[in-house]
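These are the residues of each chain, in order.
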Amino acid sequence: MLNRIIGLTGGIGTGKTTVSNYLADTYQLPILDADIYARDAVQPGSPILNRIIARYGSDVQLPDGTLNRKRLGEIVFPHPGERQWLEQQIHPYVRDRIKSQVNTLESPTVVLVIPLLFEANMTDLVTEIWVVHCPQEQQIQRIRERDRLSVEQTQSRLDSQLPLAEKVARADVVLDNSSTRKFLLQQVDQALARNGNKQYT
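Below you will find a few notes about this structure. (Residues numbered from 1 in each chain as written. Predicted model: local features only at pLDDT ≥ 70, side-chain atom pairs only at ≥ 80, totals over all residues. Heavy atoms only, no water.)

This paragraph deals with the layout of surface pockets. When its volume is computed, the largest pocket comes out at roughly 1500 Å³. Lining the largest pocket are 45 residues; nearest its centre among them are Ile12, Asp35, Phe77, Pro115 and Arg146. At the level of secondary structure, the elements contributing two or more residues to the lining of the largest pocket comprise helix 1 (16-27), helix 2 (34-41), helix 4 (69-76), helix 5 (80-102), helix 6 (136-147), helix 7 (151-159) and helix 9 (181-193). Among the residues making up the lining of the largest pocket, the classes are represented as 18 nonpolar, 13 polar and 14 charged. (1 Å grid on protein atoms, 1.4 Å probe; cavity = no way out; pocket = protein on both sides within 12 Å on 5 of 7 lines; lining within 4 Å. Points joined across faces, edges and corners; volume = space filled by probe spheres on them. Helix = DSSP H or I, 4+ residues; strand = E, 2+ residues; numbered from the N terminus. Nonpolar A, V, L, I, M, F, W, Y, C, P; charged D, E, K, R; others polar.)

On to the sheet that holds strand 4 (residues 128-133). Read from one edge to the other, the open sheet built from five strands follows the order 2-3-1-4-5, with strand pairing classed as parallel. The strands lining the two open edges of the sheet, one partner per strand, are strand 2 (31-33) and strand 5 (173-176). Across this sheet, the average inter-strand angle for adjacent strands is 20°, counted without regard to direction. With four bridges joining them, strand 4 and strand 5 adopt parallel strand pairing. Its bridge partner being in strand 5, Trp130 is matched across the sheet by Val173. Most of the contacts of helix 1 go to strand 1 (residues 4-10), to which it runs at about 150°, and overall it touches strand 1, strand 2, strand 3 (109-113), strand 4 and strand 5. Running at roughly 165° to strand 5, helix 9 makes contact with strand 1, strand 4 and strand 5 of the sheet. (Pairing = 2+ DSSP bridges. Axes fitted to C-alpha atoms, helices over the stretch in contact; angles between N-to-C directions. Contact = heavy atoms within 4.5 Å.)

This part covers unusual backbone geometry. With a phi close to 55°, Gln28 is a non-glycine residue in the positive phi region. Relative to the helices and strands, Gln28 is located in the loop between helix 1 and strand 2. On the basis of relative accessible area, Gln28 is assigned to the exposed category, the value being 58%. Here Asn121, not a glycine, exhibits a phi torsion of approximately 55°, which is positive. Positionally, Asn121 belongs in the loop between strand 3 and strand 4. Residue Asn121 is classed as exposed on the basis of its relative accessible area, which comes to 57%. (Buried < 20%, exposed > 50% of the residue type's maximum accessible area, 1.4 Å probe, protein only.)

Attention shifts here to the packing of aromatic side chains. Geometrically, a pair of aromatic rings is defined through the distance of the ring centres and the angle of the planes. What the rule picks out here adds up to two aromatic pairs. Ring geometry for Tyr22 against Tyr27: centres 6.0 Å apart, planes inclined by 85°, an arrangement best described as edge-to-face. On the numbers, 5.7 Å between centres and 90° between planes, the contact of Tyr56 with Trp85 is edge-to-face. Note that Tyr56 is positioned in helix 3 (residues 47-56) and Trp85 in helix 5, a separation of 29 residues in sequence. (Phe/Tyr/Trp six-rings, centres within 6.5 Å; stacked < 30°, edge-to-face > 60°.)

So, on to the environment of His91. Tracing the backbone shows His91 in helix 5. Along the backbone, His91 and Met122 are 31 residues apart, and their C-alpha atoms lie at a distance of 9.2 Å. When sequence neighbours within four positions are dropped, the list of residues in contact with His91 reads Leu116, Ala120 and Met122.

In this section: the pairing of strand 1. For a regular strand, side-chain orientation follows a simple rule: the groups alternate between the two sheet faces. Where burial is concerned, most of strand 1 is hidden: seven out of the seven residues are buried. Relative to strand 3, strand 1 runs parallel, the two sharing five bridges. Bridge pairing in strand 3 places Ile5 opposite Val110. As defined by bridge partners, strand 1 adjoins strand 4 across five bridges and the pair is classed as parallel. Each bridged residue has a counterpart across the sheet, and for Gly10 the counterpart in strand 4 is Val132.

The biggest cluster of nonpolar side chains holds 37 residues, and the ones touching the most others in it are Ile52, Tyr56, Val60, Leu72, Ile98, Leu112 and Met122. Of all the secondary structure elements, the ones that give two or more residues to this core are helix 2, helix 3, helix 4, helix 5, strand 3 and strand 4. The biggest single contributor to this core is helix 5, with six residues. In this structure Met122 touches His91, Val94, Arg95, Ile98, Ile114 and Leu117, once residues within four positions along its chain are discounted. (Core = buried A, V, L, I, M, F, W, Y, C linked by side-chain atoms within 4.5 Å.)

Okay, here's the thing in structure tokens:
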């Protein structure tokens, strides 16, 4: 019976994947990743992908039928109205998949990795919220190195999310990823040992 549903979130490039991989590998906790469900939502032939193509044209579809994420990002990130339309297509699907998967689990603790936990109004799905954070300069550097984006593209992605400071203010656990990986994972160990008590690292 589930008694602890951890909502793991943070800004883009803050280190959510490092934390979730550690929780899976070290503690064998089940991880449900919203990004995976969001990709499932736009598989070739899916109603959601068909609506995206109808709105934006064939440019957002690759020759193999899959979604051209780079092109779609270029369209929606600079335009909040378009991004909101896209999220309205995908977020309900993601919410339904998470809820159905949670109901099949027998582990007392599960981790939901939801980058847009606040923005998508999914906080009701979790019993506690963990936010991974680091200074914005580090975020920008990590995003640009990982995704090969320009400064402008990186900034538009940061601007598309709730400011990290607001996420931190609403967190039950704050994980500081401004230093070493070891320092970050020590905080994860401590947070997991607290049995859900509301504390800050």
